[in-house]
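# Reading the structure
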Amino acid sequence: MADTVLEVRDLSLEYRSRRGPVKALRNVSFDLYKGETLALIGESGCGKSTMGFALIRLTPGTAKITNGNVTFVDGPNRINLMEMSENEIRRFRWTDMAMMLQAALNAYNPLIRIQDHFIDTAKAHGLNNKSEIIARARRLLTGVQLDADRVLPAYPHELSGGMRQRVLLALGLLMQPKIIILDEPTTALDILTQRSIIELLRKLKDEFNFTMIFISHDLSLAAELADRVATMYAGQIVELTDVFSAFEKPRHPYTFGLTRAVPTLHGAVEKLESIPGSPPDLVFMPSGCKFHPRCPFATDKCKEVEPKLTAYGGHQVACHNWQQVLEESQKAR
Ligand SMILES: Nc1ncnc2c1ncn2[C@@H]1O[C@H](COP(=O)(O)OP(=O)(O)O)[C@@H](O)[C@H]1O
Ligand code: SF4
Ligand SMILES: [Mg+2]
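Residues numbered from 1 in each chain as written. Chains lettered and ligands numbered in written order. Predicted model: local features only at pLDDT ≥ 70, side-chain atom pairs only at ≥ 80, totals over all residues. Heavy atoms only, no water.

## So, the packing of helix H3 (residues 114–124) against helix H6 (residues 161–173)
A pair of packed helices is captured by two measures, namely the crossing angle of their axes and the spacing between those axes. What counts here: Working convention: axes come from line fits to C-alpha atoms, limited for helices to the stretch in contact. Angles between N-to-C directions cover 0 to 180 degrees. The helix count covers DSSP runs of H or I at least four residues long, the strand count covers runs of E at least two residues long, and both are numbered beginning at the N terminus. Angular relationships are summarised with four words: roughly parallel below 35 degrees, roughly antiparallel beyond 145, roughly perpendicular across 65 to 115, and oblique for the angles in between. Each crossing is labelled by how the near helix is turned from the far one, with a counterclockwise turn of less than a right angle marking it left-handed and a clockwise turn marking it right-handed. Here a residue-residue contact requires only that any non-hydrogen atoms of the pair lie within 4.5 Å. Each residue gets one label: Ala, Val, Leu, Ile, Met, Phe, Trp, Tyr, Cys and Pro are nonpolar, Asp, Glu, Lys and Arg are charged, and the others, such as Gly, are polar.
At their nearest, the axes of H3 and H6 sit 10 Å apart, and the two run at 20° to each other. The orientation of H3 relative to H6 falls into the category roughly parallel. Read as a crossing pair, H3 and H6 show a hand that is right-handed. Across from Ile114, His117, Phe118 and Thr121 in H3, the residues of H6 making contact are Val167, Ala170 and Leu171. Across the contact of H3 with H6, the residue classes break down as five nonpolar, two polar and no charged.

Written out as structure tokens, the structure is:
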């Protein structure tokens, strides 16, 4: 049994909105294992970014964590993030758990040279020795295959998108966090650059031994990087399993649909289907299983009773009819 680094229990979050509370996370529970890459997949709006933010309590003012706990496990120590003070959590965010944001490519301060981004970040987290910071930055920049001499004195706009993404990875690793959350790290990049970032992540992970949550709506990237895959729908995890089972033996109709909608693992581009219907409104959600209006396997029970995420061996799924789904998914392969 793998060691757990993060225990998430019943995590729920709502955004305030004029239409009513947006239930972006609903009783999410899972364990993150030490050293693994967990991919979080699902259509836009299902709550992936919200999950990332909530795990490190970096939520906007309109959001409220209404329930649940996130526990960081470090050897014999168990730290409840929900009980940390603002100061404690701020420090924790870089030193133990770093999140690289979807929008962060634009988040560089344009007036500040790259080297000062490193210095400021390190100082904010208690590392004050400038030459040590620069030495670390150099090592990391080399690690992300950049020319440190060129990049350190540069301003953000002097770098390409791919280079900025690499710098961001190096920055994220500066305080040697144990857990890294990457939110759509390659979305803004062209295919070739995406490839090289993925390769790089693999290499960095080998070298620095961190645990990674990889948020993506791109399943082929998730398939390449992940050890396990969590499928999100309507603010919940509806399936959680190893990467092979997620793609080859899905038990949730939504995962099944998603994996049919991308080229297969073997590279064949036979079936490019998308899932009919649109994601649910998170203010006024359907009754029962939130996927039922779009689900080809739905029965009357599905309209009334919301299925709970349940473990069958190492495979967790929230579906009343998973056996049938599994059978169908096997026929379709
Ligand atoms: N600041 C916010 N205020 C209100 N609703 C929000 C806010 N941020 C996200 N949401 C809503 O929460 C849901 C989940 O969003 P998000 O976590 O960004 O999804 P994803 O990353 O999977 O695309 C969506 O319905 C989105 O509209
Ligand atoms: S519980 Fe029913 S509606 Fe929901 S995914 Fe399973 S079969 Fe479909
Ligand atoms: Mg997002």
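On we go from here.
## Notes on the site of ligand 1
The following threshold applies: Residue proximity to a molecule or strand is established when one non-hydrogen atom of the residue lies within 4 Å of it. Within 3.5 Å is the distance limit for a polar contact, defined as a pair of N or O atoms, with the added protein rule that one can donate a hydrogen and the other accept it, and that residues adjacent in sequence qualify only through two side-chain atoms. Accessibility throughout is a Shrake-Rupley quantity obtained with a 1.4 Å probe, and a residue counts as covered only by protein chains that appear here.
Taken together, 13 residues form the shell around ligand 1, and within it Gly45, Gly47, Lys48, Ser49 and Thr50 come nearest. One of the side-chain N or O atoms of Lys48 is found 2.9 Å from an oxygen atom in ligand 1. Contact distances for ligand 1 include 2.9 Å between an oxygen atom and a backbone N or O atom of Ser49. Calculation on ligand 1 without its partners gives an accessible area of 560 Å², and the protein chains cover 65% of this total.

## Here's the deal with the sheet that holds strand E2 (residues 22–33)
Working definition: the strands of a sheet are paired by backbone hydrogen bonds and lie parallel or antiparallel to each other. Counted only if it meets this: Only strands that DSSP links by at least two bridges are regarded as paired with each other.
With antiparallel pairing, four strands are arranged side by side in an open sheet as E2-E1-E4-E5. With one partner strand each, in any of the chains shown, E2 and strand E5 (77–80) form the two edges of the open sheet. Across the sheet, the mean angle separating the axes of adjacent strands is 5° when strand polarity is ignored. In terms of strand pairing, strand E4 (residues 63–74) meets E5 through four bridges, oriented antiparallel. Bridge pairing in E5 links Asp74 to Asn77.

## Observations concerning the side chain of His117
Mapping His117 onto the fold places it in helix H3. At a separation of 3.1 Å, a polar atom in the side chain of His117 contacts the main-chain amide nitrogen of Asn109. For His117, the contacting residues outside a window of four places in its chain are Tyr108, Asn109, Ile112, Pro156 and Leu171.

## What to know about the sheet that holds strand E10 (residues 236–242)
Strand order in the open sheet made by the eight strands is E6-E7-E8-E3-E9-E10-E12-E11, with mixed pairing throughout. On the outer flanks of this sheet lie strand E6 (97–100) and strand E11 (310–312), each paired with one strand and no other. In this sheet, neighbouring strand axes are inclined to one another by 20° on average, regardless of whether the strands run parallel or antiparallel. With four bridges connecting them, strand E3 (residues 37–41) and strand E8 (residues 211–215) associate as parallel partners. Paired with Leu40 across the strands is Ile215, a residue of E8. Lying over the sheet, helix H10 (residues 253–260) contacts E3, strand E9 (228–233) and E10, oriented at roughly 110° with respect to E9.

## Here we look at the pattern of salt bridges
Selection criterion: Salt bridge criterion: a side-chain nitrogen from Lys or Arg within 4 Å of a carboxyl oxygen from Asp or Glu. The cut-offs for exposure are 20% and 50% of the maximum accessible area for each residue type, with area from a 1.4 Å probe on protein chains only; residues under the lower value are buried, those over the upper are exposed, and the others partly exposed.
Scanning the entire structure with this criterion turns up 17 salt bridges. Put simply, Arg9 and Asp31 hold a salt bridge, and the shortest N to O gap is 2.8 Å. Here Asp31 lies in strand E2 and Arg9 lies in strand E1 (residues 4–15), a separation of 22 residues in the sequence. A relative accessible area of 34% means that Arg9 is categorised as partly exposed. In this structure, Asp281 engages Arg19 in a salt bridge whose closest nitrogen and oxygen atoms are separated by 2.4 Å. One end of the pair, Asp281, is in the loop between H10 and helix H11 (300–304); the other, Arg19, is in the loop between E1 and E2, with 262 residues separating them in the sequence. The class of Arg19 is partly exposed, set by a relative accessible area of 48%.

## Some points on the confidence of the model for the protein chain
In low-pLDDT regions, the fine details of the predicted coordinates are not to be read closely. Threshold: Per-residue confidence from the predictor is reported as pLDDT, a score between 0 and 100.
In this model, the protein chain carries an average pLDDT of 89, and 93% of its residues clear a pLDDT of 70 or more. Counting contacts from residues 267–272, a segment whose pLDDT is below 50, to residues more than four positions away or on other chains yields ten contacts.

## What about unusual backbone geometry?
Even without a glycine there, the phi angle at Asn27 is positive, about 50°. Take Asn27: it is sitting in strand E2. The exposure class of Asn27 is partly exposed, given its relative accessible area of 43%.

## Observations regarding helix H4 (residues 130–143)
Heads up, the condition is: Here the expected length of a helix is defined as 1.5 Å per residue gap, with one fewer gap than residues. The arc refers to the directions leading from the helix axis to the C-beta atoms.
Over its 14 residues, H4 extends 20 Å from the first C-alpha to the last, a length consistent with the 20 Å expected when each residue adds 1.5 Å. For H4, every residue scored as buried is listed here: Ile133, Ala137, Leu140, Leu141 and Gly143. Angularly, the buried residues of H4 cover 150° about the axis, an arc narrow enough to put them on a single face. Exposed positions of H4 whose direction lies more than 90 degrees from the buried face are Ser131, Arg139 and Thr142. Against H3, helix H5 (148–151), H6 and helix H7 (191–208) lie the buried residues of H4. Looking one or two places after H4, you find Gln145, whose phi comes out positive at around 60°.

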